[in-house]
Amino acid sequence: MKFLADECCDVGLIKALRSDGHDVLFAAESMRGFVDDQILERAFAENRVLITEDKDFGELVYRLGLPAHAIILLRLSSDAHELKISRMRELLANYPVQVTRHFVVVEAEKIRIRAMR
């Protein structure tokens, strides 16, 4: 799967996704300092699923109506490195189709999936 990971994402998660064979563009490596709408625009243009820990992307998509292919919002503690990896792997193993064209919120105990407009 193709992802664009926001700058705020855990480096360990990026490495794990890449080692699992995913194509991950990491904003901290190639888009440092880009603002949220630029990151969202690039993810959409390249048909990538945006991974973020920033709730502002929900506002950009739902309130302002900016286009997005899909967004995964990680709502986990910043120091929960291994949990982020295991929850992402669980999401991709159990809900691969639902990741596309959905806004997905990943929490420690649940995964919420909402269709995008």
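Values in this document were obtained by computation on a predicted structure and should not be read as measured data.

Calculation notes
- Residues numbered from 1 in each chain as written.
- Predicted model: local features only at pLDDT ≥ 70, side-chain atom pairs only at ≥ 80, totals over all residues.
- Heavy atoms only, no water.
- Axes fitted to C-alpha atoms, helices over the stretch in contact; angles between N-to-C directions.
- Helix = DSSP H or I, 4+ residues; strand = E, 2+ residues; numbered from the N terminus.
- Parallel < 35°, antiparallel > 145°, perpendicular 65-115°, else oblique.
- Left-handed = near helix turned anticlockwise from the far one by under 90°.
- Contact = heavy atoms within 4.5 Å.
- Expected span 1.5 Å × (residues − 1).
- Buried < 20%, exposed > 50% of the residue type's maximum accessible area, 1.4 Å probe, protein only.
- Pairing = 2+ DSSP bridges.

Draft legend 1. Fine view of the packing of helix α1 (residues 11-19) against helix α5 (residues 81-94). Look at α1 against α5: their axes get within 9 Å of each other, and the N-to-C directions meet at 40°. Regarding the angle of α1 to α5, the classification is oblique. For the crossing formed where α1 meets α5, the hand is right-handed. Where α1 approaches α5, its residues G12, L13, A16, L17 and S19 are matched on the opposing element by K84, I85, M88, R89 and L92.

Draft legend 2. The environment of V99, seen in detail. Relative to the assigned elements, V99 resides in helix α6 (residues 96-99). As a C-alpha pair, V99 and E59 span 40 residues in sequence and 19 Å in three-dimensional space. Here V99 is in contact with M1, V49, A70, I72, L91, L92 and V104, once residues within four sequence places are set aside.

Draft legend 3. Local environment of α5. Its 14 residues place the ends of α5 20 Å apart at the C-alpha level, agreeing with the 20 Å of an ideal helix rising 1.5 Å per residue. Every buried residue of α5 is listed here: K84, I85, R87, M88, L91 and L92.

Draft legend 4. Molecular detail of the sheet that holds strand β3 (residues 49-52). Here 6 strands make up an open sheet; going across it, the order is β2-β1-β3-β4-β5-β6 and the pairing mixed. In this open sheet, the two edge strands, each paired with only one partner strand, are β2 (23-26) and β6 (111-115). Strand-to-strand twist across the sheet, computed as the mean angle between neighbouring axes with direction ignored, equals 20°. Sheet topology places strand β1 (residues 2-5) next to β2; 4 bridges connect them, and they run parallel. Counterpart to A5 in the pairing with β2 is F26. Its contacts with the sheet place α1 against β1, β2, β3 and β4 (70-74), and it is angled at close to 155° to β2.

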